[in-house]
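# Structural overview for review
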Amino acid sequence: MTKNTYKEALAHPIFELIATSSKELGIESYVIGGYVRDFLLNRGKGMDIDIVAVGSGIELAQKTASLLSHKPKVQIFKTYGTAMLRAYDREIEFVGARRESYSEESRNPEVASGTLQDDQNRRDFTINALALSLNQDDYGQLLDPFGGIEDLKRKIIRTPLNPDITYSDDPLRMLRAVRFASQLNFKIERESLQAISKNRDRIKIISKERIVDELHKILRSPKPSIGFGLLHQTGLLKIILPELTALEGIDEIEGQRHKDNFWHTLEVVDNIAENTDDLWLRWAALLHDIGKAPTKKFDSKVGWTFHGHEFVGSKMVYKLFKRLRMPLNEKMKYVQKLVLMSSRPIVLAQEVTDSAVRRLIFDAGDHIEDLMTLCEADITTKNPRRFKKYHNNFKLVRRKMKEVEERDHVRNFQPPISGEEIMEIFNIRPSREIGIIKDAIKEAILEGEIPNEYEPARKYMLEKGRELGLEPVKE
Ligand code: CTP
């Protein structure tokens, strides 16, 4: 076992307090898990700190809290034998070292107290089992029984014990393995990968919320295709997001092929990850083509078609969010809207007219920028000439958008004439005609027949009113 000391990892004042508390209680304690891993990876110290006490974690938390001047509240989770307190903007979790044994049906283990080594054995990965001593004799010493340091250097995800048992005990770890590989750009060791494939069906005992949490982390990683590729390779993706695996494959009829929309989607997600950290925009990129699987058809005149895939896809977003128990809120509507509109700028780029640009801005509203970012990420052609051409087309669309918006202000469109004014001018009560006139004014503005200004709109309203047999009582 390595005998390195990392006192600099313990510079934060909380560690000294925990050390003093442990000493007073006559127990040993260690920092373990993500904090140590991220320190050694130079990933900036994470906010959360996990402490293992060889004794009662709850008592250690209480003692530590009593030494802090702000006397923080200690949250106790009796069933898990853990306690949490907040200090210096950090969450600090305390747990008593333990041994665990699992049953088939659940990921809630039977727990008994144990040694530090027992506790390290029950952890998910060698890189997460690294512990730093907070004890007087060897303060700052790294305890690394499974070669976690070496794995950090070699960029490997590996379980401390037999992977088959580690993953079967707690199937969430299969997703964690993939997530860490994606976040850190690590490889999952071969035996682990095999064990994940073998145990993949056990993912079904994991709550949807936890699955989604990991999916979010994979999507937030610098190159999400690493994670989604691994989910696909291990067969987890087909269980969690079958809408995506349905996009895989290339069909050929009469010598005509379409692209593999699954691998294309992963490229789009990687592209967008370079331009935005927005989780929901990344979700939109992941789901933008899901409607292509159910709408795919071959037409001997035009080849492969995916008619209406944007509409079908946006409906599928709702079902997918619902199935994964994701909130059906504004974020979902945003993803739906981007999926629904995902081809609009592409179609428009073929012929950039003012009216088409106005309609695009009008329909996309505040999401227009994000929609353009999505469409640009959607360009995955390997042909450099086409790549350049498509990007130039979008540059033109963006330029035109700026010009049109500066002039016509159709983003967050406010009708220049209100319903009240129409009623007053024609002396009519609320009726169908008002809607017709308002709509006609909006259409005329979008088509560029009249500018988005009061006087021309008023004139147009009078014309439309007359066509409907209405006479103004004042002009
Ligand atoms: N752990 C585990 N099995 C799990 C979850 C967690 O063995 N299913 C252990 C790992 O040792 C992990 C520690 O508990 O390092 C803390 O878990 P958590 O806070 O969820 O993750 P971190 O490793 O801290 O990483 P992150 O904050 O990025 O999630």
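Everything here concerns the structure above.
Residues numbered from 1 in each chain as written. Predicted model: local features only at pLDDT ≥ 70, side-chain atom pairs only at ≥ 80, totals over all residues. Heavy atoms only, no water.

## Here's the deal with the site of the ligand
With respect to spatial proximity, 13 residues lie near the ligand, and among them R37, R123, D124, N128 and D170 are the closest. Between an oxygen atom of the ligand and a side-chain N or O atom of R123, the distance comes to 3.1 Å. In this structure, an oxygen atom belonging to the ligand sits 3.0 Å away from a main-chain N or O atom of N128. Isolated, the ligand exposes 560 Å² of accessible area, and the fraction of that covered by the protein chains is 74%. For the shell around the ligand, the secondary structure elements donating two or more residues are α2 (34-40) and α7 (172-184). The leading source of residues in the shell around the ligand is α7, at four residues. (Near = heavy atom within 4 Å. Polar contact = N/O pair within 3.5 Å; in protein donor to acceptor, adjacent residues only side chain to side chain. Areas by Shrake-Rupley, 256 points an atom, 1.4 Å probe, with all protein chains shown as cover. Helix = DSSP H or I, 4+ residues; strand = E, 2+ residues; numbered from the N terminus.)

## Thoughts on the nonpolar core
Ranked by internal contacts, the top residues of the largest apolar core, which has 129 residues, are V31, I51, F228, L241, W283, L287 and V335. When neighbours within four sequence positions are excluded, L241 is seen to be in contact with L215, F228, L286, L320, R323 and L324. (Core = buried A, V, L, I, M, F, W, Y, C linked by side-chain atoms within 4.5 Å. Buried < 20%, exposed > 50% of the residue type's maximum accessible area, 1.4 Å probe, protein only. Contact = heavy atoms within 4.5 Å.)

## Some words on the packing of helix α22 (residues 419-426) against helix α24 (residues 454-467)
Following both chains from N to C, one finds α22 and α24 inclined at 50°, their axes separated by 12 Å at the closest point. Considering their axes alone, α22 and α24 lie oblique with respect to each other. Both α22 and α24 take part in a crossing whose hand is right-handed. Of α24, the residues touching α22 (which contributes E421, I422, I425 and F426) are Y454, R458, M461, L462 and G465. Grouping the constituent residues of the contact of α22 with α24 by class yields six nonpolar, one polar and two charged. (Axes fitted to C-alpha atoms, helices over the stretch in contact; angles between N-to-C directions. Parallel < 35°, antiparallel > 145°, perpendicular 65-115°, else oblique. Left-handed = near helix turned anticlockwise from the far one by under 90°. Nonpolar A, V, L, I, M, F, W, Y, C, P; charged D, E, K, R; others polar.)

## What to know about the layout of surface pockets
Considered as a void within the structure, the second largest pocket measures approximately 780 Å³ in volume. At the level of elements, α13 (261-273), α18 (344-350) and α21 (384-408) are the ones that each hand at least two residues to the lining of the second largest pocket. For the lining of the second largest pocket, the element with the most residues is α21, which contributes five residues. (1 Å grid on protein atoms, 1.4 Å probe; cavity = no way out; pocket = protein on both sides within 12 Å on 5 of 7 lines; lining within 4 Å. Points joined across faces, edges and corners; volume = space filled by probe spheres on them.)

## A short note on α22
Burial in α22 covers these residues: G419, I422, I425 and F426. Considered in projection along α22, the buried side chains sweep an arc of 130° and stay on one side of the axis. Contacts made by the buried residues of α22 are with α23 (432-447) and α24. Two residues or fewer after α22 comes N427, characterised by a positive phi angle close to 50°. (Arc of directions from axis to C-beta.)

## Some remarks on helix α8 (residues 190-199)
For α8, the set of buried residues is S192, L193, A195, I196 and N199. Down the axis, α8 shows its buried residues gathered within 165° of arc, on one side only. Away from its buried face by more than 90 degrees, α8 exposes R190 and K198. Residues of α8 that are buried in the fold lie against β10 (156-157), α6 (163-169), α7, β11 (187-188), α10 (224-234) and α11 (236-240).

## A short note on the pattern of salt bridges
Under the criterion given, the structure shown has 36 salt bridges. Between D38 and R37 there is a salt bridge; the shortest N-O distance is 3.1 Å. Residue D38 shares its accessibility class with R37, and that shared class is buried. The salt bridge involving E91 is made with R86; its shortest N-O contact spans 2.6 Å. One continuous salt-bridge network, built from bridges that share partners, spans D354, R358, K400, E403, R407 and D408. (Salt bridge = Lys/Arg side-chain N within 4 Å of Asp/Glu carboxyl O.)

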